Amino acid sequence: MLVSLRSVLAWAEERGCAAAAFDTPNLELLLAAIGAAEARDEPVIIQHAQLHEEETSIDVIGPIMVMRAEAARVPVCVMLDHGEDMDYVRRALDLGFSAVMIDGSQLPYEENVALTLGAVELAHEYGADVEAEIGFTTGHEGLENADDDRENVYTDPDDAARFVADTGIDALAASVGTVHGFYQAEPKLDFKLIEELRARCGVPLVMHGGSGLTCEDTRAAIRAGIRKINYFSYMSNAGVRAVEALIAEKHPKYFHALANAATAAMQADAEAAMDMFSMSS
């Protein structure tokens with residue numbers, strides 16, 4: 001069933017865990033993410049990032065995301081990830097997305113607030129929730145060797161508390177030591193910062209760049225207060241490795257064999273991530 005972001009985050013808060021949020025820019029990833037959630041009987045968030053528009057347009061994958069969410073046996077939030085402008089946010093909302101993330105994190109504070117306020121006003125007209133970001137998480141989903149040259153800019157708690165109050169957002173993405181994509185160096189998560197952000201901001205905290213973290217660090221971040229974790233790169237790469245193995249072993253002649261192998265491997269990876277985020281074992 002299609003549900004709100006706030007309902008999924010409330011589920012995570014009640015259980016002291018983190019909700020899994022998977023970017024699903026193609027059908028195989030989408031089937032894997034919902035398949036994992038149904039196998040575990042847990043809510044899930046499926047996302048389409050604006051930066052994936054060139055790979056698959058939101059106008060193509062978006063309606064399928066909403067349709068599969070409505071047909072799922074578990075609660076599914078359909079969300080825009082890293083929306084960069086209001087036109088794209090409106091496209092997602094018109095397609096039936098139940099949440100949007102507006103990303104003005106690279107803008108000066110006042111410009112970030114203005115952009116975010118516009119997204120909040122628009123989204124609430126549709127009955128949708130809003131995540132926004134302050135502080136800058138380096139790297140780039142979907143690109144190799146794309147870590148940003150700058151030092152990771154950790155979110156300032158004073159700025160974060162002010163930002164939440166100024167915008168009325170439903171969830172806050174903060175920079176706490178992770179990067180998007182594949183890690184080029186060991187991440188340095190600031191768990192005390194997460195605890196302070198949780199205490200001062202009053203909204204659920206989101207951690208981007210969840211792929212590649214150790215189980216120990218991931219669960220420490222959740223204990224400190226993270227309630228949503230974005231996870232994409234390692235899940236997608238699991239599909240690549242499954243295809244490579246199938247080609248080497250059986251040399252299939254039809255693409256559907258590759259697609260099915262990738263989907264199964266990505267679902268297994270997603271299930272493992274959800275198990276880690278659940279704090280249950």
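The rules behind each value
Here the residue numbering is sequential within each chain, running from 1 through the sequence in written order. In keeping with the model being predicted, local features are shown solely for residues with a pLDDT of at least 70 and side-chain atom pairs are shown and tallied solely at 80 or more, while totals for entire chains, interfaces and linings include all residues. Calculated side-chain values reflect all of the structure's heavy atoms, with hydrogen atoms and water omitted. Exposure categories follow from relative accessible area, calculated using a 1.4 Å probe and restricted to protein chains: below 20% of the type maximum is buried, above 50% is exposed, and the middle band is partly exposed. For helices the rule is a DSSP run of H or I covering at least 4 residues; for strands it is a run of E covering at least 2, with both sets numbered from the N terminus onward. The rule for pairing is simple: two strands pair if DSSP sees at least two bridges between them. Here, two residues are considered to be in contact whenever any of their heavy atoms come within 4.5 Å of each other. Take the buried Ala, Val, Leu, Ile, Met, Phe, Trp, Tyr and Cys residues and link them wherever side-chain atoms come within 4.5 Å; each set so joined is a nonpolar core. Residues adjacent in sequence count toward polar contacts only when both atoms are side-chain atoms; beyond that, a polar contact is any pair of N or O atoms within 3.5 Å, and within protein one must be able to donate a hydrogen and the other to accept it. Where helices are involved, their axes are fitted lines through C-alpha atoms of the stretch in contact, as for all axes, and angles between N-to-C directions lie from 0 to 180°. Under this scheme an angle from 65 to 115 degrees is roughly perpendicular, one under 35 degrees roughly parallel, and one over 145 degrees roughly antiparallel; angles in between are oblique. When the near helix sits turned anticlockwise from the far one by under a right angle, the crossing is termed left-handed; a clockwise turn instead gives a right-handed crossing. Three residue categories are used. Nonpolar comprises Ala, Val, Leu, Ile, Met, Phe, Trp, Tyr, Cys and Pro, charged comprises Asp, Glu, Lys and Arg, and polar comprises the others, including Gly.

(A) Representation of the pairing of strand E6 (residues 171-174) in the model. Neither face of E6 is open: one carries Ala171 and Ala173, the other Leu172 and Ala174, and all of them are buried. Relative to E6, strand E5 (residues 129-134) runs parallel, the two being bridged by four bridges. Note that in E6 the partner of Glu131 across the bridge is Ala171. By the bridge criterion, two bridges tie E6 to strand E7 (residues 205-207) in an arrangement that is parallel. Within the sheet, the bridge partner assigned to Leu172 lies in E7 and is Leu205.

(B) Representation of the side chain of Asp103 within the structure. Within the secondary structure layout, Asp103 lies in the loop between strand E4 (99-102) and helix H5 (109-125). When residues no more than four places from it in sequence are discounted, the contact partners of Asp103 are His82, Gly83, Leu115 and Glu133.

(C) Focus on the nonpolar core. If you look at the biggest cluster of nonpolar residues, it comprises 74 residues, and the most contacted ones within it are Phe22, Leu172, Met235 and Phe277. For this core, the element with the highest residue contribution is helix H10 (residues 255-278), accounting for eight residues. In this view, Leu172 contacts Ala132, Ile134, Ala160, Phe163, Val164, Cys201, Val203, Pro204, Leu205 and Val206; residues no more than four positions away in its chain are not counted. Within the second largest apolar cluster, 17 residues are counted, among which are Val3, Val8, Ala21 and Ala99.

(D) Quick look at the environment of Ser278. Mapped onto the elements of the fold, Ser278 is located in helix H10. Linking Ser278 and Ile222, residues 56 residues apart in sequence, is a C-alpha distance of 9.3 Å. If near-sequence neighbours (up to four positions away) are discounted, Ser278 is found in contact with Cys17, Arg40 and Glu42. There is a polar contact of 3.5 Å between the side chain of Ser278 and the side chain of Arg40.

(E) Spatial organisation of the packing of helix H4 (residues 86-94) against H5. Taken N-terminus to C-terminus, the directions of H4 and H5 make an angle of 20°; their axes are 11 Å apart at the nearest point. Taken together, the axes of H4 and H5 lie roughly parallel to each other. At the point where H4 passes H5, the crossing takes the right-handed sense. Every residue of H5 that contacts H4 at Met86, Val89, Arg90 and Leu93 is listed here: Leu115, Gly118, Ala119, Leu122 and Ala123. Taken together, the residues of the contact of H4 with H5 break down into seven nonpolar, one polar and one charged.

(F) Here's a closer look at the sheet that holds E5. Pairing is parallel around the closed barrel formed by eight strands, whose spatial order is E1-E2-E3-E4-E5-E6-E7-E8. When the angles between neighbouring strand axes are averaged without regard to direction, this sheet yields 25°. Relative to E4, strand E3 (residues 76-83) is paired through three bridges, and the arrangement is parallel. Opposite Met79, over in E4, you have Ala99 as the bridge partner. Sheet strands in contact with H4 are strand E2 (44-49), E3 and E4, and its direction is about 170° off that of E4. Most of the contacts of helix H8 (residues 215-224) go to strand E8 (residues 226-231), to which it runs at about 145°, and overall it touches E7 and E8.

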